[in-house]
Amino acid sequence: MHTCKEVIDLASKRLISKLKWQENLGFRLHLIICRTCVRYTKQLEFISRASAQLDEQFRDTKLSVKARKRIIHNLSKQQSNIE
Amino acid sequence: MASPPDPEQWLNDFGDSLYRYALSRTQNPEIAEDLVQDTLLAALQAEKTFAQKSSVKTWLFGILKHKILDHFRKHYKEANVSFDDSISNDLRQHYFDENDHWQQDFPEWLNPDKSLENHQFWTTFRICLDTLPSHQASLFLLCEMEGLTAKELCKVFDMKTTNNVWVTLSRIRMRLRACLESRWFEKSTDSGE
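A few points on the structure.

So, how was this worked out
- Residues numbered from 1 in each chain as written.
- Chains lettered and ligands numbered in written order.
- Predicted model: local features only at pLDDT ≥ 70, side-chain atom pairs only at ≥ 80, totals over all residues.
- Heavy atoms only, no water.
- Helix = DSSP H or I, 4+ residues; strand = E, 2+ residues; numbered from the N terminus.
- Buried < 20%, exposed > 50% of the residue type's maximum accessible area, 1.4 Å probe, protein only.
- Contact = heavy atoms within 4.5 Å.
- Lys, Arg positive; Asp, Glu negative; His and termini not counted.
- Charge placed at Lys NZ, Arg CZ, Asp CG, Glu CD.
- Patch = residues over 30% accessible without salt bridge, like charges linked within 9 Å, V, L, I, M, F, W, Y side chains within 5 Å.
- Areas by Shrake-Rupley, 256 points an atom, 1.4 Å probe, with all protein chains shown as cover.
- Salt bridge = Lys/Arg side-chain N within 4 Å of Asp/Glu carboxyl O.
- Disulfide = S-S within 2.5 Å.
- Buried area = accessible area lost by both parts, 1.4 Å probe.
- Polar contact = N/O pair within 3.5 Å; in protein donor to acceptor, adjacent residues only side chain to side chain.
- Axes fitted to C-alpha atoms, helices over the stretch in contact; angles between N-to-C directions.
- Parallel < 35°, antiparallel > 145°, perpendicular 65-115°, else oblique.
- Left-handed = near helix turned anticlockwise from the far one by under 90°.

1. Considerations on the overall build of chain B
When you go through chain B residue by residue, the secondary structure sums to 9 helices and 0 strands. Along chain B, from the amino end to the carboxyl end, the secondary structure elements read α-α-α-α-α-α-α-α-α. For chain B, with 193 residues in total, the buried portion stands at 48%. Taking as baseline every contact in chain B between residues at least 6 positions apart, the subset at least 24 positions apart corresponds to 68%. The positive charge centre, built from 22 side chains, and the negative charge centre, built from 30, are 7 Å apart in chain B.

Okay, here's the thing in structure tokens:
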């Protein structure tokens, strides 16, 4: 039987990778008897869902005028080197 | 005939979205600006090889993704960064008894998905990301946002085994969970009562 400490590592691992069948079975069996691990697993799933929406939090962010000027300057410098 | 490359037009059309993409993954404005510039410079150089099979946008984002990974790879190559950290060690010690079972219970998070609509939640989320050591935040973001596999993360961060990646991600998530709980969910439960 897995310990809770092992189960929280599996709860994290399964978010990006398929668990081996033994791991998956042990994980599922443990969740039947452990409420805290169920809660922890759900909370990690939430954090993952939130992370997937992080991009949207930058929607109003823009390149600064200064950075834009610097980039244009360097681009035209390289362009004239190519030509 | 193909028209001559117009990098200034690329910058006008896609500069901001490239920048946002780079910033959300690096969390660092200067690095993100440099990555946009490097992307456009590389695009200018490779313009002749651009097959026109994809849109300019897809092409530029493809270059940017490579540049982002390159940036981290260079940064962490032989840097010998330790992914072990005392805060998550302490947390683990605090959470588990000598048999590795919980010695405390957590409160349920009430309607967590509702928080996603709350502007303040996102401020808290980003503060929690900032409390992580920068290499941990980068590892987490490349995993979650770029969908890199453990093997790919191993290479980018110069870690020895995929098992190191799993364990590190587990610790990062544990810290984020604890941070969100104390800075957001415990507070919003209080105010909801």
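That shown, we press on.
2. As for a nonpolar patch on the surface
Among the surface-exposed residues, A:Met1, A:Trp21, A:Leu25, A:Leu29, A:Ile32 and A:Ile33 lie close enough to one another that they form a single nonpolar patch of about 770 Å² accessible area. Here A:Leu25 shows up in helix α2 (residues 21-33).

3. Regarding the state of the cysteines
Note on terminology: a disulfide is the covalent bond linking the sulfur atoms of two cysteines. In the structure shown here, the tally under the stated rule is 1 disulfide over all chains. Each disulfide pairs two cysteine sulfurs, and for B:Cys128 the partner residue is B:Cys179, the sulfurs being separated by 2.0 Å. A torsion of -80° about the S-S bond marks the disulfide between B:Cys128 and B:Cys179 as left-handed. You can see B:Cys128 sitting in helix α6 (residues 119-131) and its partner B:Cys179 sitting in helix α9 (residues 162-192), a full 51 residues away along the chain. Both residues of the pair, B:Cys128 and B:Cys179, belong to the buried class. Free of any disulfide, A:Cys4 has its nearest cysteine sulfur in A:Cys37, 3.9 Å distant. Relative accessible area serves as the criterion here: at 4%, A:Cys4 is assigned to the buried category. For the unlinked cysteine A:Cys37, the closest cysteine sulfur is that of A:Cys34, found at 3.6 Å.

4. Points about the interface of chain A and chain B
Listed per partner, the contact involves 47 residues of chain A and 56 residues of chain B. For the chain A and chain B pair, buried surface summed over both sides reaches about 5,100 Å², with 62% attributable to carbon and sulfur atoms. The interface formed by chain A and chain B contains 10 salt bridges. Connecting chain A to chain B are 25 residue pairs in polar contact (both at pLDDT 80 or more). Elements with a minimum of two residues in the side of chain A that touches chain B: α1 (4-13), α3 (35-52) and α4 (65-82) of chain A. Examining the composition of the side of chain A that touches chain B, we find that 14 residues originate from one element, α3(A), more than from any other.

5. So, the packing of helix α2 (residues 29-45) of chain B against helix α3 (residues 56-76) of chain B
Angle between the axes and distance between the axes are the two parameters that describe a pair of packed helices. All names here are of chain B. Put simply, α2 and α3 touch, their axes get as near as 9 Å, and they point 125° apart. Judged by the inter-axis angle, α2 sits oblique to α3. Handedness of the crossing formed by α2 with α3: right-handed. Here α2 contributes Ile-31, Leu-35, Asp-38, Thr-39, Leu-40, Ala-42 and Ala-43 to the contact with α3, which in turn contributes Trp-59, Leu-60, Ile-63, Leu-64, Lys-67, Ile-68 and His-71.

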